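Chain by chain, the residues:
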Amino acid sequence: MRIDIVTCVPSLLDSFFAHSILKRAQQGGFVEVVIHDIRDYSVNKHRTIDDYAFGGGAGMVLQIEPIARCIRKLQSERQYDEVIYLTPDGELMQQRMVNQLSLKGNLILLCGHYKGVDQRVRDLFVTKEVSIGDYVLSGGELAAAVLADAIIRLLPGVLNDETSALTDSFQDNLLAPPVYTRPADFEGNKVPEILMSGHEAKIESWRYEQSLRRTKERRPDLLE
Ligand code: SAM
C-alpha cells in the first residue's frame, strides 16, 4: 500500500511516521508513506496557497490550483483507490471504515487548514470525506495521522502477531477485555487466576464474557 499525504504543514507529520510500528511498517516494505507540501505546488514567488473567502467572513481558504497540481501529478504517476479529504463534516471514522480502507492499494489523504479547502477541490478531486470526530482541529494533519495509523496497523505483517488486531476493540462490535502482565500480584492486587491456568478454552470464554460485560457497561450502542 502507498499513502500520499497532501498538507501545508509537512513538519507536523514527518516525525509521526518515523517511530515505532509505523516506522517498522515502512522499513519492512508493508507501506510507503509520502508527504507532500502544498506550497511546493504554488506558482507564485511567495509560495502562497491561501486567499480570502469570496463573500467575506473570517478565515482564509486553501486555493484550488496548488492542490489540483499536486493531486494531478500523483494521479499521473499511479492509480489511486481514493482521494480522502479529512474534514469535520465527513463520514465519521469507525473501525469498519478503517478495515475497508486497509484493503485498498493507494490512497491520497488531503489535509485542510484555515477555513478548509475551496469547495471545488472537494467537487473535482475528492472521492471520500472522513471526520475523526465531532470537534474541530486547526488542521487535517492529526486527522490524517490518526486515519493512516489505524489503517497501517491492519496491514498483514505489520503487527508481530497477525491476530492481535482482530482482538482489539470494535472488531466484532465488542470492546477489548482487560489485559494483565507480570507481576501476578501487585501489592495484593492479583491477576485473575483463570489467566494463569493454561486452559485455553476457559481463558477464551473468560475474555469473551469480560468483553461483553465491558461493552454492555460502556458502549451498549455497539450491541444494538
Ligand atoms: N471550517 C471548517 C468547518 O467548520 O467544518 C473547519 C476547518 S478546520 C479549522 C481546518 C481543517 O482541519 C479542515 O479543513 C480539516 O482538514 C481539518 N479538521 C478539523 N477538524 C477535523 C475533524 N474532526 N476531522 C477531520 N479533519 C478535521
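The rules behind each value
Residues numbered from 1 in each chain as written. Predicted model: local features only at pLDDT ≥ 70, side-chain atom pairs only at ≥ 80, totals over all residues. Helix = DSSP H or I, 4+ residues; strand = E, 2+ residues; numbered from the N terminus. UniProt positions renumbered as here; feature names shortened; annotations may be inferred. Near = placed C-beta within 6 Å. Nonpolar A, V, L, I, M, F, W, Y, C, P; charged D, E, K, R; others polar. Core = buried A, V, L, I, M, F, W, Y, C linked by C-beta atoms within 7 Å. Buried ≥ 20, exposed ≤ 12 C-beta atoms within 10 Å, placed from the backbone. Contact = placed C-beta atoms within 7 Å.

Focus on unusual backbone geometry
At the junction of Arg182 and Pro183, the peptide bond is cis and its omega measures out at 10 degrees in the coordinates. Note that Pro183 resides in the loop between helix 6 (141–152) and strand 8 (185–186). Its identity as a non-glycine residue notwithstanding, Arg47 has a phi of 55 degrees, on the positive side. In this fold, Arg47 is placed in the loop between strand 2 (32–37) and strand 3 (50–52).

A few points about the UniProt feature "binding site: S-adenosyl-L-methionine" (unreviewed entry) in the protein chain
Per the UniProt record, "binding site: S-adenosyl-L-methionine" (unreviewed entry) is found at Gly112, Ile132, Gly133, Asp134, Tyr135, Val136 and Leu137. Examined against the element boundaries, Gly133 turns out to sit in the loop between strand 7 (128–131) and helix 6. For Asp134, the position within the fold is in the loop between strand 7 and helix 6.

Focus: the site of the ligand
The ligand sits among 19 residues. The nearest are Leu86, Gly112, Gly116, Gly140 and Ala143. By residue class, the composition of the shell around the ligand is eight nonpolar, nine polar and two charged.

Concerning the nonpolar core
Grouped together as the largest cluster of nonpolar side chains are 41 residues, with contacts concentrated most on Leu86, Leu109 and Leu110. Per-element tally for this core: the top contributor is helix 6, with seven residues. Not counting chain neighbours up to four residues away, the residues in contact with Leu109 comprise Ile3, Ile5, Ile84, Leu86, Ala144, Leu147 and Ala148.

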